[in-house]
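Okay, here's what each chain looks like letter by letter:
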Amino acid sequence: GLRLVPYRDSVGVLTVGWGHTGPDVVLGVSWSLPQAEAALEQDVTDTIAQLVTFDWYRRLDDIRQEAMVNAAFNLGVGGVLGFHHAMAALANHDFGTAATEFLRSKWAKQVGHRAVRISEIIRTGAYA
């Protein structure tokens, strides 16, 4: 959810808004709603710009692409790419294996329901 007061996330990273991190996040300096909205829009745009460079992403249907944007927004694109077995499964359109691999991760244990929701979207191609 939205948080306008910077906080440390589950791994200690300074975060504000809808999960924005970076040098513009300063402990004790609250954000306005327009700042948070602008940061979210830019973060999503940046995430998509990175993902579209990968053939496996471009070959996914729109719903699964959205799920991967959600995961990459949360983990970073590099973090998503670290799921080697899941990435290989996605590239082969083996969505069941990809979803299972995401759910077996430390990330899934950290974020709980979000990981379950994203994994089910990847598995089924439908909004969970």
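Residues numbered from 1 in each chain as written. Predicted model: local features only at pLDDT ≥ 70, side-chain atom pairs only at ≥ 80, totals over all residues. Heavy atoms only, no water.

Draft legend 1. Representation of the confidence of the model for the protein. Looking at the protein, the pLDDT average stands at 94 and 99% of residues meet or exceed 70. Across the protein, the secondary-structure element scoring lowest on mean pLDDT is helix 7 (residues 106-111), at 89, and the one scoring highest is helix 6 (residues 95-103), at 97. (pLDDT = per-residue confidence, 0-100. Helix = DSSP H or I, 4+ residues; strand = E, 2+ residues; numbered from the N terminus.)

Draft legend 2. Summary view of the side chain of Thr47. Residue position: Thr47 is located in helix 1 (residues 33-51). Non-local contacts of Thr47, meaning those with residues more than four positions away in its chain, are made with Val69, Ala72, Phe73 and Val77. (Contact = heavy atoms within 4.5 Å.)

Draft legend 3. View of helix 6. Listing the buried residues of helix 6 in full gives Phe95, Ala98, Ala99, Glu101 and Phe102. For helix 6, the angular spread of buried residues about the axis comes to 160°, placing them on one side. In this structure, the buried residues of helix 6 make contact with helix 3 (62-75), helix 5 (84-91), helix 7 and helix 8 (113-124). (Buried < 20%, exposed > 50% of the residue type's maximum accessible area, 1.4 Å probe, protein only. Arc of directions from axis to C-beta.)

Draft legend 4. How the structure looks around the pairing of strand 2 (residues 14-17). Inspection of the sheet shows strand 1 (residues 3-8) paired to strand 2 by 3 bridges, in the antiparallel sense. Across the sheet, Arg8 pairs through a bridge with Leu14, a residue of strand 2. Where strand 1 hands over to strand 2, the hairpin turn is made up of 5 residues, of which Gly12 adopts a positive phi near 90°. (Pairing = 2+ DSSP bridges.)

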